[in-house]
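If you want the building blocks of each chain, they are given just below.
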Amino acid sequence: MTQGDETDPYTLLLAIDARARNNQLVSDAADEFRQTNTYLSFSVCGEGVLMPIGEITELVSAPAIVEIPAMKPWMRGIANIRGSLLPLTDLEGFFCNRRQSPGASSRVLVIEKGSSRYGLLVPEVYGIKEIAPEKLQQIQPGASNPLAGFCSFNASTGGKNWFLLDFELLTGDERFMQVAA
C-alpha cells in the first residue's frame with residue numbers, strides 16, 4: 001500500500017470493515033437485531049404493557065369522543081378518525097374500573113381484525129421496544145395484576161416489568177364484547 005492509498009476513503013472503509021468483521025462487531029449486532037420483536041409500549045392501570053407493532057394499524061392523539069347512551073362506562077363512544085367512525089374502548093376503565101379523562105398524553109391504538117376496527121384509548125404511550133423472544137416469560141396462572149387473563153407473557157427490561165397484551169384474548173372475552181349497560 002502506498003502513502004496515497006492509506007488516505008483513500010474507500011480503502012479506509014474497507015480496512016474498518018475488515019477490522020469490524022474480525023472483531024465480530026457487525027456479525028453480533030446483526031444477529032441481535034434479527035432476533036428481536038418490535039412492540040409498542042404504553043401504560044394501563046399503572047402497568048407497562050406491550051403490543052406487537054404489527055397488530056396496530058395506526059396511533060392517533062385522543063380525538064373528540066361522542067358518547068353513546070346505555071353503554072358500559074369503559075365503552076367511551078365513537079370518534080371520527082379520518083372520515084371513519086371508530087368505537088373507542090377505555091382500557092383503564094375496562095381493566096381497573098377507572099375511567100380516564102383523555103389528556104395531552106392519551107393516545108388511541110387503532111386495530112383492524114378482519115372487517116372490524118377497534119380503538120383502544122390508553123393514558124400514555126412510551127414508545128417502541130425491541131425485545132428478544134427469549135426474554136418473554138409465560139405468566140403463571142393466578143398471577144395478580146389487573147391484566148390477568150389477557151396477557152400470556154411478560155418481560156423485564158430497563159428495570160420495568162412489561163405485560164404483553166394478547167388482543168385475541170381481549171376480543172375473545174365475553175365482557176369485552178358486551179358493551180351495552
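Above this text is the structure in question.
Residues numbered from 1 in each chain as written. Predicted model: local features only at pLDDT ≥ 70, side-chain atom pairs only at ≥ 80, totals over all residues. Heavy atoms only, no water.

Caption draft 1: Geometry of the state of the cysteines. Scanning the model with the defined rule gives one disulfide in all. Each disulfide pairs two cysteine sulfurs, and for cysteine 45 the partner residue is cysteine 96, the sulfurs being separated by 2.2 Å. Between cysteine 45 and cysteine 96, the S-S dihedral sits near -95 degrees, and the bridge is therefore left-handed. Taken together, the residues cysteine 45 in the loop between strand 1 (37–44) and strand 2 (47–52) and cysteine 96 in helix 3 (residues 91–96) connect sequence positions 51 residues apart. (Disulfide = S-S within 2.5 Å. Helix = DSSP H or I, 4+ residues; strand = E, 2+ residues; numbered from the N terminus.)

Caption draft 2: A look at unusual backbone geometry. For cysteine 45, which is not glycine, the phi torsion reads 55 degrees and is therefore positive. In this structure, asparagine 97 takes a positive phi of about 50 degrees despite not being glycine.

Caption draft 3: View of the pairing of strand 1. In terms of residue burial, strand 1 counts as a mostly covered element, since six of its eight residues are buried. The pairing of strand 1 with strand 8 (residues 124–131) spans seven bridges and is antiparallel. Bridge pairing links phenylalanine 42 to valine 125 in strand 8. Pairing analysis gives six bridges linking strand 1 to strand 2, with the strands arranged antiparallel. Each residue of the ladder has a partner; that of serine 41, found in strand 2, is leucine 50. (Buried < 20%, exposed > 50% of the residue type's maximum accessible area, 1.4 Å probe, protein only. Pairing = 2+ DSSP bridges.)

Caption draft 4: Highlighting the packing of aromatic side chains. Enumeration according to the criterion identifies eight aromatic pairs in this entry. For the pair tryptophan 74 and phenylalanine 94, a centre-to-centre distance of 4.9 Å together with 80 degrees between the ring planes defines the contact as edge-to-face. Placement of tryptophan 74 in the loop between strand 3 (58–61) and strand 4 (75–81) and of phenylalanine 94 in helix 3 is noted, with a sequence separation of 20 residues between them. Residue class for tryptophan 74 comes out buried when judged on its relative accessible area of 9%. Residues phenylalanine 94 and phenylalanine 176 carry aromatic rings whose centres are separated by 5.4 Å and whose planes lie at 85 degrees to one another, so their mutual orientation is edge-to-face. With phenylalanine 94 in helix 3 and phenylalanine 176 in helix 5 (residues 174–177), the pair connects residues that are 82 residues apart, well separated along the chain. Here phenylalanine 94 matches phenylalanine 176 in class, with each residue buried. One Lys or Arg, lysine 160, reaches over the ring of tryptophan 162 and ends 5.5 Å from the middle of that ring. (Phe/Tyr/Trp six-rings, centres within 6.5 Å; stacked < 30°, edge-to-face > 60°. Lys NZ or Arg CZ within 6 Å of the ring centre and 35° of its normal.)

Caption draft 5: Geometry of the sheet that holds strand 6 (residues 107–113). If you trace the five strands from one edge of the open sheet to the other, you get 3-6-7-5-4, paired in mixed fashion. With one partner strand each, in any of the chains shown, strand 3 and strand 4 form the two edges of the open sheet. The average angle at which neighbouring strand axes cross in this sheet is 30 degrees, direction not considered. Bridge count for strand 4 against strand 5 (residues 84–90) is six bridges, and the pairing is antiparallel. Its bridge partner lying in strand 5, isoleucine 78 is registered against proline 87. (Axes fitted to C-alpha atoms, helices over the stretch in contact; angles between N-to-C directions.)

Caption draft 6: Highlighting the sheet that holds strand 8. Strand order across the open sheet formed by six strands is 8-1-2-11-10-9, with mixed pairing between neighbours. The open sheet has two edge strands, strand 8 and strand 9 (137–138), and neither has a second partner.

Caption draft 7: Broad picture of the side chain of arginine 76. Here arginine 76 is to be found in strand 4. Judged by its relative accessible area of 8%, arginine 76 falls in the buried class. Engagement of the side chain of arginine 76 in a polar contact is seen with the side chain of aspartate 90, the distance being 3.3 Å. Polar side-chain contacts of arginine 76 include one of 2.5 Å to the backbone oxygen of glutamine 100. Apart from the residues within four sequence positions on either side, arginine 76 is in contact with Ile65, Val66, Glu67, Leu88, Asp90, Arg99, Gln100, Pro102 and Leu121. (Polar contact = N/O pair within 3.5 Å; in protein donor to acceptor, adjacent residues only side chain to side chain. Contact = heavy atoms within 4.5 Å.)

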